[in-house]
Amino acid sequence: HMADDINRAVGDLVSVITEPQISTSPNYYQPLMTTFLIRRLTNRGVISQCRGMTLSFANAAASCNSTNATPIRKTALYDYHVGNSGRMVSFCGWTLPVQYSASVIQSHLYTRQAASIFDVSHMLQVLVKGSDRVRFFERLIVSDLENLPENSACLTLYTNEQGGILDDLIVTKTSEGYLYVVSNAGRAQQDLAHLKTQLAKAKRDGLNVDIEVLEDQSLLALQGPRSAEILQPHLPSSLDLSKVYFMQSRLTNFDNDSSIPCRINRSGYTGEDGFEISVSNSNILRVLNSLLSSGVAQMAGLGARDSLRLEAGLCLYGNDIDEQTTPIEADLAWTIGKRRRQLADFPGAKIILEQLKTGPPRKRVGIKSLGACPRSGAEIRSGRGENEHVIGKVTSGCPSPSLKMVNIGMAYIETPLAKIGNKVVANIRNRPIDAEIVKMPFVPASYYKAPVSKKK
């Protein structure tokens, strides 16, 4: 089914090139459509290149589908998706929309220009409760929760004793006496097993802590520059979103209805301003319809979510990070709190801190290619000569809709050769393609951050 959806996406690419976009922005693609290009799109090599639009997503889907043997699950919005032109695919044990009637490219650009809503209810939502919740959770992650302000969130990492990344997650330190944790659906089984094992150890040590899995809770991601404009009318007047900044959280009622409690985090996975809204399964359709009633927000699927996160330089677990990758190699050293570095008390601290001091053997970098799209798994070589050698591997790649379809990707490169501006060669379908190491993110982030006070 995934292959069928990817092949249909090629048709969508043709249509978006030849038809006006749903936004009012100039149509970048229409001048590119010629008889020659149409012929080329039917050529296997070009179809493979177009497949790069969702290749990292397809790889992730295949990976987590193979590791999650449980029956396919449906979100509370499944019937809505099917009834509104959602193209459903299997992803990490769930059936979810990869796109709607709009193409992946159209949804991607509309998110950057206005706002889109993504059903991300497949994500694992967990509460960590008890007076020792911070002490317990810091045993599992690299971040400094003790000094994290209440009603604030941070991106952090579960690590193992070898310094590898078990998963990336968002943890919110709430003022209601619990931690709110959101982690990847593709790692749900592993994360829960890890949590339960560590919880049993903590209880044997006398810690007052427990976990609650939010099985009946849905999650919407409202993303784009007009997100606050769309959400604000549905919140109490006392909750002014202009004073809620990136990675901050609030527990409130939707539409001033006490029967619709929801948690709102100003965060997301697109590089845009936006919110993740956690609400009960029984209320999710009402919340979705209210947000769509603005006439601004549109539904988007997993395909656009993947290309948006890649432009933003954000990692996809299973592609760009895994149990054999350390935070330092992944360029995620910033997630490790200063206090935690000093205490060196997180899993894998010895290996991770040594790499922080001396440097890792390889490093995650951004690349742009001048020919075919960088494909996950493609080798990166130091040059074209006979004496040139393999120096790394591509982990994610796609043509960038925001950059007029310039080919972008992420790769791990030997550290001495991972300098920005360095010219390399990607082996794509057994063809050498010139590429360059570039700074990430590929598209500047538009997070709504608190004003920086000027020092006098």
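- The name given to the chain in an unreviewed UniProt entry is Aminomethyltransferase, with the source organism recorded as Adineta ricciae.
- Check the Function (unreviewed entry) section of the UniProt entry for the chain; it says "The glycine cleavage system catalyzes the degradation of glycine."
- Under the Subunit (unreviewed entry) heading, UniProt states for the chain: "The glycine cleavage system is composed of four proteins: P, T, L and H."

Side note on the overall build of the chain
Part 1 of the reasoning: When helices and strands are counted, the chain shows 13 helices and 20 strands.
Part 2 of the reasoning: In the chain, which comprises 456 residues, the proportion classed as buried is 57%.
Part 3 of the reasoning: Pairs at least 24 apart in sequence give 67% of the contacts found in the chain among residues at least 6 apart.
Part 4 of the reasoning: Total accessible area on the chain stands at roughly 19,900 Å², and carbon and sulfur atoms take up 51% of it.

Overview of the side chain of Ser400
Part 1 of the reasoning: Mapped onto the elements, Ser400 comes out in strand 17 (residues 390-400).
Part 2 of the reasoning: A distance of 2.6 Å separates polar atoms of two side chains, one belonging to Ser400 and the other to Glu311.

Here we look at helix 13 (residues 349-358)
Part 1 of the reasoning: Inspection of helix 13 places Ala349, Ile352, Leu353 and Gln355 among the buried residues, and these make up the whole buried set. Down the axis of helix 13, the smallest arc covering the buried residues is 155 degrees, so these residues share one side. Facing away from the buried side of helix 13 by over 90 degrees, the exposed positions are Lys350, Lys357 and Thr358.
Part 2 of the reasoning: Among the structural elements, strand 6 (152-159) and helix 12 (338-343) are those in contact with the buried residues of helix 13.
Part 3 of the reasoning: Following helix 13 by one or two positions, Gly359 adopts a phi angle in the positive range, close to 100 degrees.

Overview of the sheet that holds strand 17
Part 1 of the reasoning: What the six strands build is a closed barrel, ordered 15-18-17-16-19-20; its pairing is antiparallel. With direction set aside, neighbouring strand axes in the sheet form an average angle of 40 degrees.
Part 2 of the reasoning: Here strand 15 (residues 362-369) runs beside strand 20 (residues 431-438); their pairing, made up of four bridges, is antiparallel. Each bridged residue has a counterpart across the sheet, and for Lys368 the counterpart in strand 20 is Glu436.
Part 3 of the reasoning: Packing of helix 11 (residues 302-311) onto the sheet brings it into contact with strand 17 and strand 18 (406-414), and relative to strand 17 it is tilted by some 125 degrees.

A closer look at the packing of aromatic side chains
Any two aromatic rings considered together are summarised by their centre-to-centre distance and by the angle between their planes.
Part 1 of the reasoning: Evaluation of the coordinates by the stated rule reveals four aromatic pairs.
Part 2 of the reasoning: Seen in terms of ring centroids, Phe137 and Tyr158 are 5.9 Å apart; in terms of plane orientation they differ by 65 degrees. Their pairing is edge-to-face. Here Phe137, found in helix 7 (residues 133-138), pairs with Tyr158, found in strand 6; they are 21 residues apart in sequence, far enough to count as distant. The pair Phe137 / Tyr158 is uniform in exposure class, with both members buried.
Part 3 of the reasoning: Here the aromatic rings of Tyr245 and Tyr448 are separated by 5.4 Å at their centres, their planes lie at 20 degrees, and the arrangement is stacked. Here Tyr448 lies in the segment after strand 20 and Tyr245 lies in the loop between helix 9 (227-231) and strand 11 (249-253), a separation of 203 residues in the sequence.
Part 4 of the reasoning: Accessibility expressed as a relative area gives 29% for Tyr448, which makes it partly exposed.
Part 5 of the reasoning: An aromatic cluster is built from Phe136, Phe137 and Tyr158, whose rings are joined through pairwise contacts.
Part 6 of the reasoning: The ring of Tyr412 has Arg362 lying over it, and the distance from NZ or CZ to the ring centre is 4.4 Å.

Overview of the state of the cysteines
Part 1 of the reasoning: As enumerated under the stated definition, the model contains zero disulfides in all.
Part 2 of the reasoning: This cysteine, Cys398, is not joined by any disulfide, and Cys373 carries the nearest cysteine sulfur, 6.1 Å off.

Reading guide: rules and limits
- Per-chain numbering applies: the sequence of each chain, read as written, is numbered from 1 onward.
- It should be noted that, the model being predicted, local features are given only for residues of pLDDT at least 70 and side-chain atom pairs only at 80 or more, the latter also being counted only at that level, while totals for whole chains, interfaces and linings use all residues.
- Hydrogens and waters are ignored; side-chain quantities use all the structure's heavy atoms.
- UniProt positions are given in the numbering used here, feature names are shortened, and annotations may be inferred rather than shown by experiment.
- Helix and strand labels come from DSSP, where a helix needs a run of H or I of at least four residues and a strand needs a run of E of at least two; each type is numbered from the N terminus.
- When a residue's accessible area, from a 1.4 Å probe over protein chains only, is under 20% of the maximum for its type it is buried; when over 50% it is exposed; and in between it is partly exposed.
- Here, two residues are considered to be in contact whenever any of their heavy atoms come within 4.5 Å of each other.
- Using a 1.4 Å probe, the Shrake-Rupley method yields the accessible areas, and only the shown protein chains count as cover for residues.
- Polar contact criterion, stated in full: a pair of N or O atoms within 3.5 Å, where within protein one must be able to donate a hydrogen and the other to accept it, and residues adjacent in sequence count only if both atoms are side-chain atoms.
- Arc definition: it is the arc formed by the directions from the helix axis to the C-beta atoms.
- The pairing criterion is simple: DSSP has to find at least two bridges between the two strands.
- An axis is simply a line fitted to the C-alpha atoms; with a helix, the fit covers only the stretch in contact. Between two such axes, the angle follows the N-to-C directions and lies from 0 to 180 degrees.
- Note on aromatic pairs: the rings of Phe, Tyr and Trp (six-membered ring only in Trp) are paired at centre separations within 6.5 Å, and the planes decide the class, stacked below 30 degrees, edge-to-face beyond 60, tilted for the rest.
- Either the NZ atom of lysine or the CZ atom of arginine qualifies as a charge over a ring when it sits within 6 Å of the ring centre and within 35 degrees of the ring normal.
- The disulfide criterion used throughout: a pair of cysteine sulfur atoms within 2.5 Å.

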